[in-house]
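# A look at the structure
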Amino acid sequence: MNLLLSLLLAAWVPAWGRVSPSRRRSGRYYAGVSLSGAVASSTTHVLVLPLDVVKTRMQTGSRLGLMTAAGAVLADAPGRGLFRLSVFLKGLPPTAVGYFLQGGAKFGGYEALKQESFARLRAAGGEELTRRCQLPAMLASAAAAEMAATVLLAPLEVLKLRMQTDAAAAARGAARTLLHISRHEGLGALYKGLAPIAMRQVPYTMSKLVVYDQVARLAKSACVGEREHLRPCAIVLTGLVAGAAAAIVSHPADLLLTRLCGSATASTATSVAECVIADGVLEQARYLMSLGLRGAYA
């Protein structure tokens, strides 16, 4: 979703989508990319937050289906009437802030690193070297940008998961929960999920951005002579392809993240949330492998 909205913004915002190649290394251009990515990432993650709440319940429950998980979330909601629906917005503040920071660093960083890499390749060996090294340069740029973005996102993602899996944290609110974690568990607890977040986000971003660039290039090649830029509908379709590929690649690590960084009192996933079996990266990888293909895509 965040990629889709970013790409739609790219189609309509001159500062990103329709600048000449000579201006694609300017500070104004990168600022436009970062701001578009930040707004798009924050907005779209907030829009799909109810689905994220249900997904988290499905991942921490015992083989719950979509509707069963949604009913379980609603059953735990305090209050009466429509106010109970606010339970589907658990973790809203850290989601909005976290993905604003992450989106800006990811999209802006990727574009800056990619353009800088291409410029250095052209200077070293011309267009032929640039063409041969294009894909590795794009993958490395996406990985580096996302790793930096993940460092910004990790504490807020942990905070969001605590609020979604712990009723006491949700009742305290984001600011007080942040203070509670810092005082009682230490600041290191906020980065407890850094490894699984990176395991999820880095492959996700590499797949998403590089697949989009490659599919967009193919689409432009198929429309040579018609338009210099893709139509919004083509951008949407290209973004959907890229987003689907990225979701498939990243889902197992997302499952691990939910079970690792949730509440230590969160119903059926207690032992996993307490990190009893997944303290290190290797242990986390072994745990994922032990789930099997079906379990990893729960």
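Moving on to the overall build of the protein. The secondary structure content of the protein amounts to 12 helices and 0 strands. Traced from its N-terminal end to its C-terminal end, the protein shows the element sequence α-α-α-α-α-α-α-α-α-α-α-α. Classification of the 298 residues of the protein by burial places 45% in the buried group. Per element, the accessible surface of the protein, about 14,700 Å² overall, is 66% carbon and sulfur.

Here the structure, examined in full by the defined rule, presents 10 salt bridges. Note that K160 and D52 form a salt bridge whose closest N and O atoms lie 3.0 Å from each other. Linking K160 in helix α6 (residues 92-165) with D52 in helix α4 (residues 49-60), this pair joins segments that are 108 residues apart in sequence. Comparing K160 with D52 shows no difference in burial state: the two are buried. The partner of K114 in a salt bridge is E111, with the nearest N and O atoms 3.4 Å apart. With K114 and E111 both in helix α6 and 3 residues apart, this pair spans about one turn of that helix. With a relative accessible area of 6%, E111 lands in the buried category. Salt bridges linked by common partners bring D52, K55, E157 and K160 together as one network.

As a further point, take the confidence of the model for the protein. For the protein, the mean per-residue pLDDT works out to 78, and 77% of the residues sit at or above 70. Here helix α11 (residues 270-273) is the element of the protein with the lowest mean pLDDT, 34, and α6 is the one with the highest, 92. With pLDDT under 50 throughout, residues 10-17 is counted as low confidence; its partners more than four residues away or in other chains account for 16 contacts. Across residues 264-278, where pLDDT falls below 50, the model places 29 contacts with residues more than four positions away in sequence or in other chains.

Moving on, we come to the nonpolar core. Core analysis: the biggest nonpolar cluster contains 14 residues, and Y110, F118, L121, M138 and L209 have the highest contact counts within it. Within the residue set of this core, elements represented by two or more residues are α3 (27-47), α6 and α9 (194-222). Setting aside its immediate chain neighbours within four residues, Y110 contacts A105, M138, S141, A142, A145, L209, V210 and D213. In terms of nonpolar packing, the next biggest core, distinct from the first, is built from 9 residues, L49, V53, A70 and V73 among them.

Another aspect to go through is the packing of aromatic side chains. Summed over all chains, the structure comprises 1 aromatic pair. For the pair Y29 and Y30, a centre-to-centre distance of 5.5 Å together with 55 degrees between the ring planes defines the contact as tilted.

Another point: the packing of α6 against helix α8 (residues 174-184). Helix-helix packing: each pair is described by the crossing angle between the helix axes and the interaxial distance. Here α6 crosses α8 at 95 degrees, and the two axes come no closer than 4 Å. By the criterion of interaxial angle, the relationship of α6 to α8 is roughly perpendicular. On the side of α6, the interface is formed by P93, P94, L159, R162 and M163, while α8 contributes A174, T177, L178 and I181. Across the contact of α6 with α8, the residue classes tally to 7 nonpolar, 1 polar and 1 charged.

The rules behind these values
Residues numbered from 1 in each chain as written. Predicted model: local features only at pLDDT ≥ 70, side-chain atom pairs only at ≥ 80, totals over all residues. Heavy atoms only, no water. Helix = DSSP H or I, 4+ residues; strand = E, 2+ residues; numbered from the N terminus. Buried < 20%, exposed > 50% of the residue type's maximum accessible area, 1.4 Å probe, protein only. Areas by Shrake-Rupley, 256 points an atom, 1.4 Å probe, with all protein chains shown as cover. Salt bridge = Lys/Arg side-chain N within 4 Å of Asp/Glu carboxyl O. pLDDT = per-residue confidence, 0-100. Contact = heavy atoms within 4.5 Å. Core = buried A, V, L, I, M, F, W, Y, C linked by side-chain atoms within 4.5 Å. Phe/Tyr/Trp six-rings, centres within 6.5 Å; stacked < 30°, edge-to-face > 60°. Axes fitted to C-alpha atoms, helices over the stretch in contact; angles between N-to-C directions. Parallel < 35°, antiparallel > 145°, perpendicular 65-115°, else oblique. Nonpolar A, V, L, I, M, F, W, Y, C, P; charged D, E, K, R; others polar.

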